Amino acid sequence: MIKNLTDAFEYVNSKYVFNEENYPVIGRLEGDQKIIFALKHGLLHILKSVNKIKDDIPFEKSGIRKMQWIAQPDEKLGSLALIQKTATLKMIVNILSLANTVGITKEQVSEFKIPIDDEMVTYVPVKNMGQRIVPTFTDSVQYLIELLATILEDADHKNVLDQESAKDVIKRSLFAIMYWFDDFWVPDFLAQIPNVMKSK
């Protein structure tokens, strides 16, 4: 039973395995290229999800309670709400998979603390009218996409991955999930992760 992000991390990475059986091309890859493949694959999945989420997640954390509808069972949601809920769950699944790919462990996830506003300003630097502000969830996802794409593009040119930079940006994304998905309804929401993952 998934009750929190640590449980979700363990579940996702017990099912979402990058090996030759699931992805035959991995058999032809060596070293960093295997990690690069997994990161690119996860990034592509995130890109598929991001346009379905839109901007419905509040701009301020104080409004997160209005998102409790997203924890409702599928049959209680309309078609558009179900699309957004599924995309959000898949987004979290892929960020948790990326975290495992760069070497973040379940134990580390369990020790991470929910960031406060000032920390989020540092983790995902965003400016509005010249002032640094707390990033929205959308800002956080865009930050992950842009930086990870840049790191992967650089890896294509150098044939080597800057693993520390990749780990850093993905860790920041985990903190963003912890920050934004912090309310009483979140355990019921995370418990539905198995519904959006392919069974093995």
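Coordinates for the structure precede this section.
The following refers to the structure shown. (Residues numbered from 1 in each chain as written. Predicted model: local features only at pLDDT ≥ 70, side-chain atom pairs only at ≥ 80, totals over all residues. Heavy atoms only, no water.)

### Describing helix α7 (residues 163–180)
Counting along an α-helix, one turn takes 3.6 residues, and residues three or four places apart therefore face a common direction. If you check α7, its first and last C-alpha atoms are 26 Å apart, about what 18 residues at 1.5 Å a residue would give, namely 26 Å. Of the residues making up α7, those classed as buried are A166, V169, I170, R172, S173, L174, F175, A176, I177, M178, Y179 and W180. Along its buried surface, α7 packs onto α1 (5–15), α2 (32–53), α3 (79–101), α4 (106–111), α5 (117–123) and α6 (137–158). (Helix = DSSP H or I, 4+ residues; strand = E, 2+ residues; numbered from the N terminus. Expected span 1.5 Å × (residues − 1). Buried < 20%, exposed > 50% of the residue type's maximum accessible area, 1.4 Å probe, protein only. Contact = heavy atoms within 4.5 Å.)

### Some points on the packing of α2 against α3
It is at 8 Å that the axes of α2 and α3 come closest, and there the two elements cross at 160°. By the angle between their axes, α2 is roughly antiparallel relative to α3. Like other packed secondary-structure pairs, α2 and α3 cross with a definite hand, here left-handed. For the pair formed by α2 and α3, the contact residues are I35, A38, L39, G42, H45, I46, S49, V50, K52 and I53 on the first element and I83, Q84, A87, T88, K90, M91, N94, I95, L98 and T101 on the second. Classifying every residue of the contact of α2 with α3 gives 11 nonpolar, 7 polar and 2 charged. (Axes fitted to C-alpha atoms, helices over the stretch in contact; angles between N-to-C directions. Parallel < 35°, antiparallel > 145°, perpendicular 65-115°, else oblique. Left-handed = near helix turned anticlockwise from the far one by under 90°. Nonpolar A, V, L, I, M, F, W, Y, C, P; charged D, E, K, R; others polar.)

### Here's the deal with the nonpolar core
L39, I92, L174, F181, W185, F189 and I193 are the most contacted members of the largest nonpolar core, which has 63 residues in total. Every element with two or more residues in this core is listed here: α1, α2, α3, α6, α7 and α8 (186–190). With 10 residues, the single largest contributor to this core is α7. Residues within four places of F181 in sequence aside, it is in contact with I57, T88, I92, F137, V186 and F189. (Core = buried A, V, L, I, M, F, W, Y, C linked by side-chain atoms within 4.5 Å.)

### Some words on the side chain of S49
Structurally, S49 is set in helix α2. Leaving out residues up to four positions away in the same chain, S49 has contacts with A87, K90 and M91.

### Some points on the side chain of S140
Mapped onto the elements, S140 comes out in helix α6. Residues within four places of S140 in sequence aside, it is in contact with M120, V124, P135, A176 and W180.

In short, shape yes, function no, at least from these values alone.
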